[in-house]
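# Chain and residue survey
If you want the building blocks of each chain, they are given just below.
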Amino acid sequence: MNPTDFRFRRLRRTAALRALVRETHLTTDDLILPLFVQEGIDKPVAIDSMPGVVRYPENQLAEAVKSAWALGIRAVLLFGVSEHKDDKGSDTWREDGLLARMVRAAKAAAPDMIVISDNCFCEYTSHGHCGVVADDDVDNDKTLKNLQKQVVNCARAGVDMIAPSGMQDGMVNAIREALDSNGFPHLPVMSYSTKFASAFYGPFRDAVDSNFKGSRNTYQMDSANGREALAESMQDEAEGADILMVKPGLAYLDVLASIRAHSVRPLAVYHVSGEYAMIKASAAAGVIDERAVVLETMLAFKRAGADLIITYYATDIALWLQGTD
Ligand code: PBG
């Protein structure tokens, strides 16, 4: 045989052959579903920029967690929309604050569900920044002190995993120290280790009813930087992060692949609000096949190196994979 004549199509002839040699698979076990809970409402509120996603009233969180469980989803990521904002986000470390109440309600609804807290301050601060502001910027080390109080509060409420998303330096170290010294050495940390300052978060700001107008460029990463993106995740691994993360997803597949090549830790990707909204809008315009595009996107994340995917499409995907929709 002339080596230039190799026929790739020999293994593409039938569906069974294609399945036999498929390199990447997507299962419901890979998925983490974000859920939004808003204080002071009594009916779910639709999020205009994210069709199909709602903010739940607190007393409907249990039901939302149970229905996710029934679909085979085994992990949820909780976001609160607070009515009790101040300049520090102190509601997040109150035992009766929204964050702790959400954790307790989700665990009570489905005790085996992996309940993950998004550990940040921006949904709980009056200014909308991800921590304590001093001299017009987020003060890294003051924020870490508050983050320690916040994560211990979540741990005491029964959370299964801590997910710090604020992009402060040393956050995993600080969290590990707080958890370990308060009796929670067993709790894993999934760090938003490489998080870019991204325009793809636009609809999320709508989702959490944020009046934030500034920029997060002094703490989130510059989207131009690939080497620094790797260094950020390797730093969090060195600090003891159990799971690393890249956020957003589709525009950063190169970053996923480079972290995958340098770390043996599980790697998550966040398919963010803007990515979700783009698919929804083009599907509504009739120009793409929503299901096919979503599944292709998820496979691309896994092919690039992600083990876990945080996505607002989690419940749809669970249904599609069951073939029952
Ligand atoms: C909070 C946080 C954000 C997102 C998740 N956690 C917003 C931000 O950093 O500005 C974005 C999620 C999404 O867009 O889907 N720090």
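Residues numbered from 1 in each chain as written. Predicted model: local features only at pLDDT ≥ 70, side-chain atom pairs only at ≥ 80, totals over all residues. Heavy atoms only, no water.

## A word on the site of the ligand
Surrounding the ligand, one finds 18 residues, the nearest of these being K195, R205, K247, S273 and Y312. One nitrogen or oxygen atom from the side chain of S165 is found 3.4 Å from a nitrogen atom belonging to the ligand. K247 places a polar side-chain atom, nitrogen or oxygen, 3.3 Å from a nitrogen atom of the ligand. Burial of the ligand by the protein amounts to 100% of the accessible area it has alone, namely 400 Å². (Near = heavy atom within 4 Å. Polar contact = N/O pair within 3.5 Å; in protein donor to acceptor, adjacent residues only side chain to side chain. Areas by Shrake-Rupley, 256 points an atom, 1.4 Å probe, with all protein chains shown as cover.)

## So, the packing of aromatic side chains
Under the definition given, this model contains twelve aromatic pairs. When the ring of F196 is compared with that of Y252, the centres are 4.1 Å apart and the planes differ by 15°; the resulting orientation is stacked. Of this pair, F196 sits in the loop between β9 (194–195) and α6 (202–207) while Y252 sits in the loop between β10 (244–247) and α8 (253–262), and the two are 56 residues apart along the sequence. The class for F196 is buried, based on a relative accessible area of 1%. On the basis of relative accessibility, which here comes to 8%, the residue Y252 falls in the buried class. (Phe/Tyr/Trp six-rings, centres within 6.5 Å; stacked < 30°, edge-to-face > 60°. Helix = DSSP H or I, 4+ residues; strand = E, 2+ residues; numbered from the N terminus. Buried < 20%, exposed > 50% of the residue type's maximum accessible area, 1.4 Å probe, protein only.)

## Quick notes on the pattern of salt bridges
Counted by the stated rule, this structure contains twelve salt bridges. Here D91 makes a salt bridge to R94, at a shortest N to O gap of 3.0 Å. Look at D91 and you get buried, because its relative accessible area is 2%. With a closest N to O distance of 2.9 Å, R176 and D180 form a salt bridge. Here D180 and R176 lie together in helix α5 (residues 171–181), a separation of four residues that amounts to about one turn. The exposure class of R176 is buried, given its relative accessible area of 14%. Judged by relative accessible area, D180 falls into the partly exposed class, the value being 38%. A network of salt bridges, in which partner residues are shared, links E39, E58 and R101. (Salt bridge = Lys/Arg side-chain N within 4 Å of Asp/Glu carboxyl O.)

## With respect to the pairing of strand β1 (residues 31–38)
A large share of β1 lies buried, amounting to eight of its eight residues. Both faces of β1 are covered, namely the face carrying L31, L33, L35 and V37 and the face carrying I32, P34, F36 and Q38. Two elements, β1 and strand β4 (residues 75–81), share six bridges in a ladder whose sense is parallel. Residue pairing for β4: Q38 is matched across the bridge by V81. Pairing analysis gives three bridges linking β1 to strand β3 (residues 54–57), with the strands arranged parallel. Bridge pairing links F36 to R55 in β3. (Pairing = 2+ DSSP bridges.)

## Details of the packing of helix α7 (residues 226–239) against α8
As a packed pair, α7 and α8 sit with axes 9 Å apart at the nearest point and diverge in direction by 45°. One finds that α7 runs oblique with respect to α8. Remark: the crossing between α7 and α8 carries right-handed chirality. Residues A229, L230, S233 and M234 of α7 form the contact with α8, whose participating residues are V255, S258, I259 and H262. Of the residues belonging to the contact of α7 with α8, the class tally is five nonpolar, three polar and no charged. (Axes fitted to C-alpha atoms, helices over the stretch in contact; angles between N-to-C directions. Parallel < 35°, antiparallel > 145°, perpendicular 65-115°, else oblique. Left-handed = near helix turned anticlockwise from the far one by under 90°. Contact = heavy atoms within 4.5 Å. Nonpolar A, V, L, I, M, F, W, Y, C, P; charged D, E, K, R; others polar.)

## Quick word on the nonpolar core
Counting 96 residues, the largest nonpolar core has F36, L77, L78, L179, M190 and Y270 as its most contacted members. Once you skip the residues sitting within four places of it in the chain, M190 turns out to touch I32, I116, M161, I162, A163, P164, I243, M245, A268 and I310. Membership of the second largest hydrophobic core comes to five residues, among which are C120, C122, V138 and Y219. (Core = buried A, V, L, I, M, F, W, Y, C linked by side-chain atoms within 4.5 Å.)

## Some words on the environment of M171
Residue placement: M171 occurs in helix α5. Here the alpha-carbon distance between M171 and N140, two residues 31 residues apart in the chain, equals 9.0 Å. For M171, the residues in contact, after removing those within four places along its chain, are L144, L147, P164, G166, S191, Y192, D236 and E239.

## Describing empty space enclosed by the protein
By the definition in use, this model includes four cavities of 30 Å³ or more. Taken as a whole, the largest cavity holds about 150 Å³ of empty space. What lines the largest cavity is a set of 18 residues, among which C122, K195, Y201, F204 and K247 lie closest to the centre. In the lining of the largest cavity, the residues fall into nine nonpolar, three polar and six charged. (1 Å grid on protein atoms, 1.4 Å probe; cavity = no way out; pocket = protein on both sides within 12 Å on 5 of 7 lines; lining within 4 Å. Points joined across faces, edges and corners; volume = space filled by probe spheres on them.)

## Overview of a nonpolar patch on the surface
A cluster of nonpolar side chains, contributed by M1, F6 and F8, occupies part of the molecular surface with about 410 Å² of accessible area. Secondary-structure assignment places F8 in the segment before α1 (15–20). (Patch = residues over 30% accessible without salt bridge, like charges linked within 9 Å, V, L, I, M, F, W, Y side chains within 5 Å.)

Everything listed here is a matter of geometry and, on its own, says nothing about what the molecule does.
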